[in-house]
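Spelled out from the first residue to the last, the chains are:
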Amino acid sequence: MKKFLLSAIAVVAATLFAVPAQAQKVGVYATYGGYTQMDATDMHDDWDGVKTAWGAVNFGVDFKIGSRFRLGPSYTFSSTTTKGGKHASDIYYHVIMLNAKYDYYRTGIFSLYAHLGLGADISHMCPKYGDSYNKGYFAFQASPIGMRAQLGNGFNFMAELGFGAQGLVQLGFGYDF
């Protein structure tokens, strides 16, 4: 697992340093996604009584590689708790992914795109009566339907429908430099 996490970090770092030299445009974005991969799968070390998380907050950078293709890293944060009582505990999810987005239809200010992200989740387990520890998991985001609307002056609105660590439904804003 350590090799996988180090490889994911190396890919993200390489993207940050190598891609901007070729990129035509850079965009940043922030989104909120509901019902994540962490809720649907066991990314909490088989702990019992884990509640559904409140969703996920996502931050990312897109480097425009071609006329229809964007590539860049993202960071996602989410958290949850277990049911109360003497076993009440907290879990914090930190996800780092490399994301690829492809515009398959564009018209005027609107574009439809597909999004695929691959990376790692680091679940920070905080038992109330024990030492905290980390557990690593594979993370992904697959959104076949994404919509982006240019609002003017570089600002845009985004919405996605898919499944993964960033959420089943995502809504957010971005800015293109």
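Our structure is the block above this text.
An account of the accompanying structure is given in this report. (Residues numbered from 1 in each chain as written. Predicted model: local features only at pLDDT ≥ 70, side-chain atom pairs only at ≥ 80, totals over all residues. Heavy atoms only, no water.)

### Points about the sheet that holds strand 7 (residues 155–164)
Then comes step 1: Pairing in this closed barrel of eight strands is antiparallel, and the strands run 1-2-3-4-5-6-7-8 around the ring. Recorded for the sheet is a direction-independent mean angle of 25 degrees between the axes of neighbouring strands.
Then comes step 2: In this structure, strand 5 (residues 110–127) lies alongside strand 6 (residues 133–152), joined through 15 bridges in antiparallel fashion. Paired with Ser123 across the bridge in strand 6 is Lys135. (Pairing = 2+ DSSP bridges. Helix = DSSP H or I, 4+ residues; strand = E, 2+ residues; numbered from the N terminus. Axes fitted to C-alpha atoms, helices over the stretch in contact; angles between N-to-C directions.)

### Considerations on the layout of surface pockets
Then comes step 1: A volume near 320 Å³ is recorded for the largest pocket.
Then comes step 2: Taken together, 21 residues form the lining of the largest pocket, with Lys64, Asp103, Arg148, Gln150 and Asp176 sitting closest to its centre.
Then comes step 3: Put simply, the parts of the chain that give the lining of the largest pocket at least two residues each are strand 1 (26–34), strand 2 (56–64), strand 3 (69–81), strand 4 (89–107), strand 5 and strand 6. (1 Å grid on protein atoms, 1.4 Å probe; cavity = no way out; pocket = protein on both sides within 12 Å on 5 of 7 lines; lining within 4 Å. Points joined across faces, edges and corners; volume = space filled by probe spheres on them.)

### Notes on the side chain of Ser89
Then comes step 1: Note on placement: Ser89 falls in strand 4.
Then comes step 2: Within the structure, the side chain of Ser89 is placed 3.5 Å from the backbone nitrogen of Lys128, a separation counted as a polar contact.
Then comes step 3: Apart from the residues within four sequence positions on either side, Ser89 is in contact with Trp47, Thr80, Thr81, Thr82, Cys126, Pro127 and Lys128. (Polar contact = N/O pair within 3.5 Å; in protein donor to acceptor, adjacent residues only side chain to side chain. Contact = heavy atoms within 4.5 Å.)

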